[in-house]
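Per-entry structural report
If you want the building blocks of each chain, they are given just below.
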Amino acid sequence: MVSPCLSFNLHHPTSSSSSNFRPLTLTLPKALRPSPSSSFPRSNELKPYTKPTTIPLPKRRTALAPMTVLSRPPGLEFDADPTLTNEDLRPTTPRERTFSGWEMASLWVGLVVGVPSYYLAGSLVDLGMAWWQGIATVVVANLILLGPLILTGHPGTRYGIPFPVLARSSFGIRGAHVPTLLRALVGCGWYGIESWIGGEAIFVLLPKSIKQSSSMLTQPVPWLGTSPLEFACFLAFWTAQLAIVWKGMEGIRKLEKYSAPILISLTSCLLVWAYVKSGGLHHMLSLSSRLSPSQFWALFFPSLTANISFWATLALNIPDFTRYAKAQKDQILGHIGLPIFMGLFTFVGLAATSSTKVIFGEVISSPIQLLERIGGPVTMILAILGISLATVTTNIAANVVAPANALVNLSPSTFTFRRGALLTALLGIAFQPWRLLKSSESFVYTWLVGYSALLGPIGGIILADYYLIRGTRLSVRDLYSLSPSGEYHYTRGYNLAALVALGIGILPVIPGFLHKVGALGNIPNSFVTIYNNAWFFSFFLAGFVYWVMSNLAGKSRKVLPYSDPLLGPEN
């Protein structure tokens with residue numbers, strides 16, 4: 001039987017006697033007292049412990065199989081899947097937003113003032129345009145490109161994400177590898193072209209005694225397509241650039257910032273030389289057009305496409321840079337410098353190219369060949385310094401960052417920015433850039449216009465998704481998540497609408513490209529027209545197809561909160 005009172009005897013653990021302590025008695029309320037008939041088993045009647053029955057629950061299906069432990073890299077306020085992020089892909093923190101408007105503009109100075117820009121401007125004169133027609137073509141192209149450039153840079157500044165991560169919103173977590181690798185492929189080709197130009201500068205600087213020492217060194221090798229000595233100069237310049245690449249984005253920022261004034265000064269020196277040697281501005285710009293009106297318009301549109309394609313590469317992956325901008329106004333003001341600086345440098349290139357007709361009796365569109373004709377030790381050293389600096393600043397910023405980040409996005413656990421940059425440089429050799437630069441026509445019509453068919457549809461799809469489908473609202477958390485319920489998981493990580501739109505944007509351009517390289521014979525004029533306007537056609541076609549397919553699939557715009565952007569709603 002149980003007493004109506006419960007007694008607890010509390011003893012001090014160190015006391016040897018219990019005489020000084022009284023029992024503590026607690027009395028239960030009458031309503032809680034057990035009835036007299038109630039009985040409890042005594043201590044010797046307790047049954048042994050029996051393990052409770054375990055009911056197996058169904059395993060939860062997740063996209064992580066086997067289970068992956070999520071990590072949180074510095075700068076992330078949420079757990080991100082380790083296969084989708086590392087130090088180079090995570091969103092930038094406010095402390096890392098160091099690019100001001102001037103520094104963004106300095107980036108464009110370093111990019112614009114380079115041999116390819118000069119060569120592109122000179123190629124227009126070489127193909128028959130007058131100087132003013134060439135400048136008008138370049139400025140119009142860059143004004144057209146300014147819109148996509150600013151629009152694509154917006155999510156980079158707002159969310160602090162690079163281009164490979166932005167591509168996940170439209171192409172899917174896994175599907176983003178397709179556009180980033182296509183952009184990387186073009187970047188590798190450009191890296192090889194820029195490195196070859198820098199190698200040519202070293203070759204020009206070499207004493208004539210070395211060049212004339214052995215015909216084996218200076219004679220082109222048929223299977224290689226160039227001479228061993230020129231190829232060695234190319235490899236020397238190729239290797240020298242890696243030292244700057246190894247310092248990462250901060251090293252690139254400082255290089256662009258401090259090289260801009262030097263490049264502007266050296267460009268001014270070239271303009272002054274052309275002015276003095278040709279006998280004045282009138283003689284510099286005396287070269288008139290060799291084209292009839294119909295011939296000009298036939299040349300204008302593919303040239304316009306080529307000039308847009310020239311910077312369409314960077315317009316696509318510009319979030320890689322705008323993610324470091326302090327605010328939206330800084331990235332916008334910085335980008336306005338593109339048509340301004342490109343127009344001014346095109347004037348210098350066209351004026352210098354036109355003046356060569358007066359000075360040397362022939363048009364010299366290559367600045368390397370022009371410097372070789374100028375001669376003089378001081379001039380040569382300054383010129384080689386300028387070409388090398390211009391080439392390095394353009395090549396690293398425009399042609400290393402995007403391919404390196406694309407490879408990091410492909411496998412963050414395998415690639416870092418440095419490893420991606422190294423592989424980019426190796427692939428640049430495989431493109432054999434000396435063959436791409438063998439003539440103005442191959443450079444403009446085959447290379448520039450050709451790859452615009454790859455980049456145009458990617459840009460159209462990304463902008464249609466970001467502005468028309470999502471209204472500039474992204475979930476940064478879902479951009480780094482493999483969860484099937486994530487916003488950007490789509491079909492096993494691939495957005496089929498984006499991939500179909502990409503294919504539809506590229507396919508109509510292929511016949512014109514194959515005809516241009518000689519793989520196809522006669523083709524309908526419509527395919528030639530499509531190819532000559534490849535960027536425009538593929539950009540708008542792919543963007544429109546993606547928008548239609550997304551709406552037909554019932555993909556509604558999600559109104560996401562402004563908690564994700566790191567700089568607040570005003571950005």
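Residues numbered from 1 in each chain as written. Predicted model: local features only at pLDDT ≥ 70, side-chain atom pairs only at ≥ 80, totals over all residues. Heavy atoms only, no water.

1. A short note on the overall build of the protein
- Secondary structure summary: the protein contains 24 helices and two strands in total.
- Expressed as a percentage of its 571 residues, the buried residues of the protein come to 52%.
- Across the protein, the fraction of contacts at a sequence separation of at least 24, relative to all contacts at a separation of at least 6, is 81%.
- Looking at the protein as shown, the accessible area adds up to about 26,800 Å², and 64% of this sits on carbon and sulfur atoms. (Helix = DSSP H or I, 4+ residues; strand = E, 2+ residues; numbered from the N terminus. Buried < 20%, exposed > 50% of the residue type's maximum accessible area, 1.4 Å probe, protein only. Contact = heavy atoms within 4.5 Å. Areas by Shrake-Rupley, 256 points an atom, 1.4 Å probe, with all protein chains shown as cover.)

2. Description of unusual backbone geometry
- The phi angle at Tyr490 is positive, at roughly 50°, despite the residue not being glycine.
- When you line up the elements, Tyr490 lands in the loop between helix 20 (476-479) and helix 21 (496-506).
- For Tyr490, a relative accessible area of 23% corresponds to the partly exposed category.
- For Arg492, which is not a glycine, the phi torsion comes out positive at approximately 55°.
- Considering the arrangement of structural elements, one finds Arg492 in the loop between helix 20 and helix 21.

3. Overview of the environment of Ala421
- Examined against the element boundaries, Ala421 turns out to sit in helix 17 (residues 417-430).
- For Ala421, a relative accessible area of 1% translates into the label buried.
- Sequence separation between Ala421 and Val408 is 13 residues, and the spatial gap between their C-alpha atoms is 9.8 Å.
- Leaving out residues up to four positions away in the same chain, Ala421 has contacts with Val245, Val400 and Ala404.

4. Overview of helix 16 (residues 401-410)
- Within helix 16, nine of the 10 residues are buried, leaving the element largely enclosed by the surrounding structure.
- Every buried residue of helix 16 is accounted for by Val401, Ala402, Pro403, Ala404, Asn405, Ala406, Leu407, Val408 and Asn409.

5. Describing the nonpolar core
- Judged by nonpolar contacts, the single largest core of 131 residues is most densely connected at Trp190, Trp311, Phe443, Trp447 and Leu448.
- Excluding residues that lie within four positions of it along the chain, Trp447 makes contacts with Val186, Gly189, Trp190, Ile193, Phe431, Leu436 and Ser442.
- Listed in part, the five residues of the second largest apolar core include Ala121, Val125, Leu287 and Leu350. (Core = buried A, V, L, I, M, F, W, Y, C linked by side-chain atoms within 4.5 Å.)

6. Describing the pattern of salt bridges
- Counted according to the given criterion, the structure contains five salt bridges.
- A salt bridge links Arg373 to Glu362; its shortest N-O distance comes to 2.8 Å. One end of the pair, Arg373, is in helix 14 (residues 367-374); the other, Glu362, is in the loop between helix 13 (328-359) and helix 14, and 11 residues separate them in sequence.
- Judged by relative accessible area, which is 39%, Arg373 ranks as partly exposed.
- Residue Glu362 is classed as partly exposed on the basis of its relative accessible area, which comes to 39%.
- The structure contains a network of salt bridges with shared partners spanning Glu87, Arg90 and Glu96. (Salt bridge = Lys/Arg side-chain N within 4 Å of Asp/Glu carboxyl O.)

7. A few points about the packing of helix 5 (residues 177-205) against helix 15 (residues 377-399)
- Taken N-terminus to C-terminus, the directions of helix 5 and helix 15 make an angle of 170°; their axes are 9 Å apart at the nearest point. The angle between helix 5 and helix 15 falls in the class roughly antiparallel. Residue-level contacts link Arg183, Gly187, Trp190, Tyr191, Glu194, Ser195, Ile197, Gly198, Ala201, Val204 and Leu205 of helix 5 to Met380, Ile384, Ile387, Thr391, Thr394, Asn395, Ala398 and Asn399 of helix 15.
- Here the residues of the contact of helix 5 with helix 15 are counted per class, giving 10 nonpolar, seven polar and two charged. (Axes fitted to C-alpha atoms, helices over the stretch in contact; angles between N-to-C directions. Parallel < 35°, antiparallel > 145°, perpendicular 65-115°, else oblique. Nonpolar A, V, L, I, M, F, W, Y, C, P; charged D, E, K, R; others polar.)

8. Details of a nonpolar patch on the surface
- Residues Ile332, Leu333, Ile336, Ile340 and Leu344 make up a contiguous nonpolar surface patch of about 440 Å² in total accessible area.
- As for its position among the elements, Leu333 is in helix 13.
- Using a relative accessible area of 54% as the deciding quantity, one classes Leu333 as exposed. (Patch = residues over 30% accessible without salt bridge, like charges linked within 9 Å, V, L, I, M, F, W, Y side chains within 5 Å.)

9. Quick look at the confidence of the model for the protein
- Taken residue by residue, the protein gives an average pLDDT of 79. The fraction at 70 or more is 80%.
- The secondary structure element of the protein with the lowest average pLDDT is strand 1 (residues 5-8), at 45, and the one with the highest is helix 21, at 97.
- Confidence over residues 1-21 falls short of pLDDT 50; this stretch has 25 contacts with residues more than four positions distant or in other chains.
- With pLDDT under 50 throughout, residues 37-75 is counted as low confidence; its partners more than four residues away or in other chains account for 28 contacts. (pLDDT = per-residue confidence, 0-100.)

10. A closer look at helix 21
- Considered for burial, the residues of helix 21 that qualify are Ala497, Ala498, Ala501, Leu502, Gly505 and Ile506. Buried residues of helix 21, viewed axially, fall in a sector of 160°; they line one side. (Arc of directions from axis to C-beta.)

11. Topic: the packing of helix 5 against helix 16
- Running from amino to carboxyl end, helix 5 crosses helix 16 at an angle of 145°, the nearest separation of the two axes being 8 Å. The interaxial crossing formed by helix 5 with helix 16 has left-handed handedness. Contacts between helix 5 and helix 16 involve His177, Thr180, Leu181, Arg183, Ala184, Gly187 and Cys188 on the former and, on the latter, Ala402, Pro403, Ala406, Leu407, Asn409 and Leu410.
- Of the residues in the contact of helix 5 with helix 16, the class split is eight nonpolar, four polar and one charged. (Left-handed = near helix turned anticlockwise from the far one by under 90°.)

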